[in-house]
Amino acid sequence: MDFEWDEAKAESNERKHGVSFSEAMTVMATSPEHTGPVDDELRSEYEFRSLRGVVRGKYAAQYRERLRVVRLADDVAAAFRDEAAVNDALREYLRGRSAERSRA
């Protein structure tokens, strides 16, 4: 599934529905770059409406607490080959920042 980012639409949808585009993308695919079909292992015969004890959104708040989706500017994103490279660079930055504070 392809996603096209529209900042105004993203803000409008979040106000209207309470769900950000970033969060919606995690439901629809693994990443904004994901273009193939979602690999869904659930069988078609599962009918969730008939299940008892199912609570919609039971873990949504916990999930939102841990989820941080950040959209990088195009020029910044171009500097990194993947998510791991971004995380490595940020960890290096944080180590340097911590060292500076220790010296102060």
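A quick note: this is a predicted structure, and the numbers were derived from the prediction, not measured.

Rules used throughout
Residues numbered from 1 in each chain as written. Predicted model: local features only at pLDDT ≥ 70, side-chain atom pairs only at ≥ 80, totals over all residues. Heavy atoms only, no water. Helix = DSSP H or I, 4+ residues; strand = E, 2+ residues; numbered from the N terminus. Buried < 20%, exposed > 50% of the residue type's maximum accessible area, 1.4 Å probe, protein only. Contact = heavy atoms within 4.5 Å. Areas by Shrake-Rupley, 256 points an atom, 1.4 Å probe, with all protein chains shown as cover. Patch = residues over 30% accessible without salt bridge, like charges linked within 9 Å, V, L, I, M, F, W, Y side chains within 5 Å. Salt bridge = Lys/Arg side-chain N within 4 Å of Asp/Glu carboxyl O. Expected span 1.5 Å × (residues − 1). Polar contact = N/O pair within 3.5 Å; in protein donor to acceptor, adjacent residues only side chain to side chain. pLDDT = per-residue confidence, 0-100. Lys, Arg positive; Asp, Glu negative; His and termini not counted. Charge placed at Lys NZ, Arg CZ, Asp CG, Glu CD.

Student: Describe the overall build of the protein, with residues and values.
Tutor: Regarding its fold elements, the protein presents five helices and zero strands. Counting from the amino terminus, the protein carries its helices and strands in the arrangement α-α-α-α-α. Within the span of the protein, comprising 104 residues, buried residues form 9% of the whole. Contacts spanning at least 24 positions in sequence make up 48% of the contacts within the protein whose residues lie at least 6 apart. For the protein, the accessible surface area stands at approximately 9700 Å², while carbon and sulfur atoms represent 50% of it.

Student: If you had to explain a nonpolar patch on the surface to someone new, which residues and values would you point to?
Tutor: A grouping of Val70, Leu72 and Val76 is seen on the molecular surface, where their side chains present a nonpolar patch of about 230 Å² in accessible area. Along the chain, Val76 turns up in helix α4 (residues 74-77).

Student: Describe in detail the side chain of Asn13, supporting the description with residues and values.
Tutor: The residue Asn13 is located in helix α1 (residues 7-17) in this model. For Asn13, a relative accessible area of 14% gives the class buried. When sequence neighbours within four positions are dropped, the list of residues in contact with Asn13 reads Gly18, Val19 and Phe21.

Student: Could you give an account of helix α5 (residues 83-103), with specific residues and numbers?
Tutor: Here α5 contains 21 residues, and its C-alpha end-to-end distance of 31 Å stays within 8% of the 30 Å for a straight helix at 1.5 Å per residue. With a side-chain oxygen lying 3.2 Å from the backbone nitrogen of Ala84, the N-terminal cap of α5 falls on Asp82.

Student: Explain the pattern of salt bridges to me, using residue names and the numbers behind them.
Tutor: The full count for this structure, using the stated rule, is two salt bridges. The salt bridge involving Arg91 is made with Asp88; its shortest N-O contact spans 3.7 Å. Here Arg91 and its partner Asp88 are both found in helix α5, three residues apart, which amounts to about one turn of the helix. Here Arg91 falls in the partly exposed class, since its relative accessible area comes to 45%.

Student: Mind laying out the confidence of the model for the protein, listing which residues take part and the relevant values?
Tutor: With 72% of its residues at a pLDDT of at least 70, the protein reaches an overall mean of 76. Confidence, read as mean pLDDT per element, is least for helix α2 (residues 21-28) in the protein (68) and greatest for α4 (94).

Student: Which residues make up a negative patch on the surface, and what are the values?
Tutor: A contiguous patch of negative charge, built from Asp6, Glu7, Glu11 and Glu14, is present on the exposed surface. Note that Asp6 resides in the segment before α1.

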